[in-house]
Amino acid sequence: SGPQRTEESIMDVQQAKAVFRGPMVSVATPFTPDFELDLEALRTNIRFMVERGVRQGQGVLLVAAAGGEFPMLSLEERKEVTRVSVEAAQGEVPVATSLQFTGTREVVEMARFSHEVGAALGQLSAPYYYEPPAGDIFGLFEAVSTESDLPIMIYNNWGNTLNMNVDMVESLAELPNVVVLKWSAPASHQFTTGLHHLADRLAIFDNDGQHVWSHMLGAVGFITHISNFWPEYPLEIWNLLERENYRQAIQKLAGFKWGWHKWVVKACQETEGEGPFIKAAMEEVGLPAGPPRPPARPLSAALREEFGQLLAGAREPAGAGE
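As the structure is a computational prediction, the values presented were derived from the model and not from experiment. Numbering of residues starts from 1 in every chain and runs along the sequence as written. Where totals are concerned, whole chains, interfaces and linings use all residues; where local detail is concerned, this predicted model gives features only for residues with pLDDT of at least 70, and gives and counts side-chain atom pairs only at 80 or more. Neither water nor hydrogens contribute to the side-chain values; these are computed over all heavy atoms in the structure.

Caption draft 1: Structural view of the layout of surface pockets. The definitions used throughout rest on a 1 Å grid laid over the protein atoms alone, on which a cavity is an enclosed set of points accommodating a 1.4 Å probe that cannot get out and a pocket is an open set flanked by protein within 12 Å on both sides along at least five of seven lines; lining residues are those having an atom within 4 Å of a point. Grid points are joined across faces, edges and corners, and a volume is the space filled by probe spheres set on the points. Considering only enclosed or pocket space, the largest pocket measures out at about 1200 Å³ in volume. What lines the largest pocket is a set of 43 residues, among which Ala66, Tyr155, Asn207, His225 and Glu274 lie closest to the centre. For the lining of the largest pocket, the elements supplying multiple residues, two or more each, are strand E8 (221-224), helix H11 (257-270) and helix H12 (275-284). What counts as a helix is a DSSP run of H or I of at least four residues, what counts as a strand is a run of E of at least two, and both are numbered from the N terminus. Broken down by element, the residue count for the lining of the largest pocket peaks at 7 residues, all from H11. By residue class, the composition of the lining of the largest pocket is 18 nonpolar, 18 polar and 7 charged. Think of it as three bins: nonpolar holds Ala, Val, Leu, Ile, Met, Phe, Trp, Tyr, Cys and Pro, charged holds Asp, Glu, Lys and Arg, and polar takes everything else, Gly as well.

In structure tokens form, the structure reads like this:
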């Protein structure tokens, strides 16, 4: 049976917009050289981000998600990453975690556990592998909504699962505790339409890299990997957006983010997933990251050198030990 729900246990959108704001960091999962979880390194990296400004109202930590190599983690490992991340955050920044799985029972189990250990939000996409009809998608979200008290972030991960259009998202937004949307779309007009129709209904995080446009249309933050190794940079962009200083925000994006994106495209052609390029960047500034889990491979020396030059050409962040 599900939890005994009270009005106090249901988060509304205005509460969500107050709690979940700013750069949402897809946090890397560190491994030891033999590919086991390195939980002490995870604690170190989270404190690095918190101490450099990633706090409630100025950021969210998204753990055990794609940047954290969740497809290569067992359900128990994802639970451990979530638990340790919440402990390391010490209540200073909200921790979101990925609930995605191929079966509803496991998703509900992950949601209940995450709520029990203090996670603030669960990320959930459409089911993957089989192409689900709308009823299956709704049933999955409904089960998590009714059988756990964890607030939910809809994730339209159209590149890896079925695209959820605006009508589908609107129906999911009617469910209790479905309060956040991580939004991208296959076409620019669909991305814009979603923001226009949904910004009053959900706290929206831009996952399309359209920082200025999404903020103008009501987004409360954006997804980033960069905070893993340079927390100050996305925060500078966010604060410019909040001041509606859009021209300077564009200049700041041009100073590093656009070059970073081009480099990431090259990295993804060399090996799979987000872990390899995030970890290469973290190691460049002296943070413990370890290898990605196979079948992903560490990046080549040539790409690492190219990143080092890119970073030095921007404003190189201070290392973890400084």
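Caption draft 2: Layout of the side chain of Ser184. Note that Ser184 resides in the loop between strand E6 (178-183) and helix H7 (188-198). Accessibility expressed as a relative area gives 6% for Ser184, which makes it buried. Within 3.5 Å is the distance limit for a polar contact, defined as a pair of N or O atoms, with the added protein rule that one can donate a hydrogen and the other accept it, and that residues adjacent in sequence qualify only through two side-chain atoms. Side-chain polar atoms of Ser184 contact the side chain of Trp158, separated by 3.2 Å. Once you skip the residues sitting within four places of it in the chain, Ser184 turns out to touch Asn156, Trp158, Phe191, Asn207 and Asp208. Residue burial is assigned from relative accessible area. The probe radius is 1.4 Å, only protein chains are included, and a residue is buried under 20% of its type maximum, exposed over 50%, and partly exposed in between. Here a residue-residue contact requires only that any non-hydrogen atoms of the pair lie within 4.5 Å.

Caption draft 3: Here's a closer look at the pattern of salt bridges. The salt bridge criterion pairs a side-chain nitrogen of Lys or Arg with a carboxyl oxygen of Asp or Glu, the two atoms within 4 Å. If you walk through the whole model with that rule in mind, you get 18 salt bridges. Here Arg43 ties to Glu87 by a salt bridge, and the two come within 3.1 Å at their closest N and O atoms. Note that Arg43 is positioned in helix H2 (residues 39-51) and Glu87 in helix H3 (residues 75-89), a separation of 44 residues in sequence. A salt bridge links Lys279 to Glu69; the nearest nitrogen and oxygen atoms lie 2.7 Å apart. One end of the pair, Lys279, is in helix H12; the other, Glu69, is in the loop between strand E2 (60-63) and H3, with 210 residues separating them in the sequence. What makes Glu69 buried here is its relative accessible area of 4%. Each of Glu40, Arg43, Glu80, Arg83 and Glu87 takes part in one network of salt bridges that share partners.

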